[in-house]
Amino acid sequence: MTLRAAVQMDPMDGINIGGDSSFHLILKALERGYDLYHYDVRGLTWEAGRLTTKANRILDAQREAGAHYKFGDEILLDLGRDIDVVLMRQDPPFDLGYLTGTWLLERLAGETLVVNDPVSVRNAPEKVFVLDFPEYMPPTMVTRDLDAVKDFQARHGAVVIKPLHGNGGKAVFKIDADGGNLGALVELFGQVWPEPFMVQQFLPSVSKGDKRIVLVDGEVAGAINRKPGEGEFRSNLAVGGYAEAAELTPREKEICDVLGPQLRERGLVFVGIDVIGGEWLTEINVTSPTGIVAIDRFNNSDTAGMIWDAINRRIG
């Protein structure tokens, strides 16, 4: 029987067809002949125990700007009866809208596989889940308290401050060892975000790269090394960083060996972890991981195929 998949993601018109991981997965699914549908999380409707959404069948997709997809007519899908797997792939912000989507998708348990598992996504946001592995992290603090941040910065020198639920390198700031602008920045974070923020010791080795390692059902699928662009310390590709081929260090292999079984047990099929300087784990990305297009380009691999294979195994 042909696999029936629904992709919960952002509108297709605005995606980066050259580097978007969701689009990469769509292309592979169509290549395999899967029945594929696109819908927006805001269209989810629950009534009388059934979860439905308006969706469009994806008839075609290609890497051709302005003509990169073709939809069929809008239909109503019962995500429990009509679909084998839902890919939860919309980008953060990780807000109440995102959380509500996980609460609704959780109700598909026992009927339809959701990747990544919505319960685990909700309980393991990128910069919170990583706190379970302090032995692999740089010195880190999660707080809203200015005095605590000042004490941390006095002990560790230059620091990086970032929102707890940000993504793509947005609103990540470096404060130099002299502490200039620290108070103003903490004040700003306190006004913009209601939750605590993350403070970490700045790692000069970030100039050598911030490695994105993708794990598929707990197994390493590949990695790229992302380096900052000129005048930047952030290496995220979304803010001007660039990618290069990469191999894993012994420390990175150790980190993956420790994380792998836990990811598999939690139903986190597609995960991207970030490691700086070959040894410091900074994030475990489970909401909408990226990087597989660059990994496949450098390694001549088929990470999208590996993800679909893992999905098929879980469906059985």
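Residues numbered from 1 in each chain as written. Predicted model: local features only at pLDDT ≥ 70, side-chain atom pairs only at ≥ 80, totals over all residues. Heavy atoms only, no water.

The protein chain carries the name Glutathione synthetase in an unreviewed UniProt entry, which gives Sphingopyxis fribergensis as its organism. The annotation that UniProt attaches to the protein chain under Pathway (unreviewed entry) is "Sulfur metabolism; glutathione biosynthesis; glutathione from L-cysteine and L-glutamate: step 2/2." (UniProt positions renumbered as here; feature names shortened; annotations may be inferred.)

What follows covers the overall build of the protein chain. A count of helical and extended segments in the protein chain gives nine helices and 16 strands. Whereas a compact globule of 316 residues would reach a radius of gyration of roughly 20 Å, the protein chain reaches 20 Å, a difference of no more than 12%. Seen through its C-alpha atoms, the protein chain measures out along the principal axes to roughly 60 × 45 × 40 Å. The buried share of the protein chain, reckoned over its 316 residues, is 52%. Sequence-distant contacts in the protein chain: of pairs separated by 6 or more residues, those separated by 24 or more amount to 66%. Surface exposure of the protein chain reaches about 14100 Å², of which carbon and sulfur atoms provide 49%. (Helix = DSSP H or I, 4+ residues; strand = E, 2+ residues; numbered from the N terminus. Rg over C-alpha atoms; globule rule 2.2 N^0.38 Å. Buried < 20%, exposed > 50% of the residue type's maximum accessible area, 1.4 Å probe, protein only. Contact = heavy atoms within 4.5 Å. Areas by Shrake-Rupley, 256 points an atom, 1.4 Å probe, with all protein chains shown as cover.)

What follows deals with the domain arrangement of the protein chain. Per the domain assignment, the segments of the protein chain are domain 1 (4-123), domain 2 (126-130 + 205-315) and domain 3 (139-202). Of note, the centres of domain 2 and domain 3, computed from C-alpha atoms alone, are 24 Å apart. Each partner contributes to the interface: domain 2 provides ten residues, whereas domain 3 provides 16 residues. Between domain 2 and domain 3 lies a buried interface of about 940 Å² when both sides are counted; carbon and sulfur atoms form 64% of it. (Domains from an automatic or database assignment. Buried area = accessible area lost by both parts, 1.4 Å probe.)

Turning our attention to the side chain of Ser22. Note that Ser22 resides in helix α1 (residues 21-31). A distance of 2.8 Å separates a polar atom in the side chain of Ser22 from a polar atom in the side chain of Arg89. Not counting residues within four places of it along the chain, the set of residues in contact with Ser22 comprises Met9 and Arg89. (Polar contact = N/O pair within 3.5 Å; in protein donor to acceptor, adjacent residues only side chain to side chain.)

Moving on, we come to the pairing of strand β1 (residues 4-8). Within β1, four of the five residues are buried, which leaves it mostly tucked inside the rest of the structure. Two strands pair when backbone bridges link them, and β1 and strand β2 (residues 35-39) are joined in this way by five bridges, in the parallel orientation. Within the sheet, the bridge partner assigned to Ala6 lies in β2 and is Tyr37. Between the parallel pair β1 and β2, the chain is carried across by α1, and the sense of this crossover is right-handed. Relative to strand β6 (residues 85-88), β1 runs parallel, the two being bridged by four bridges. Residue pairing across strands places Val7 opposite Leu87, the latter belonging to β6. (Pairing = 2+ DSSP bridges. Right-handed = clockwise from strand over helix to strand, strands pointing away.)

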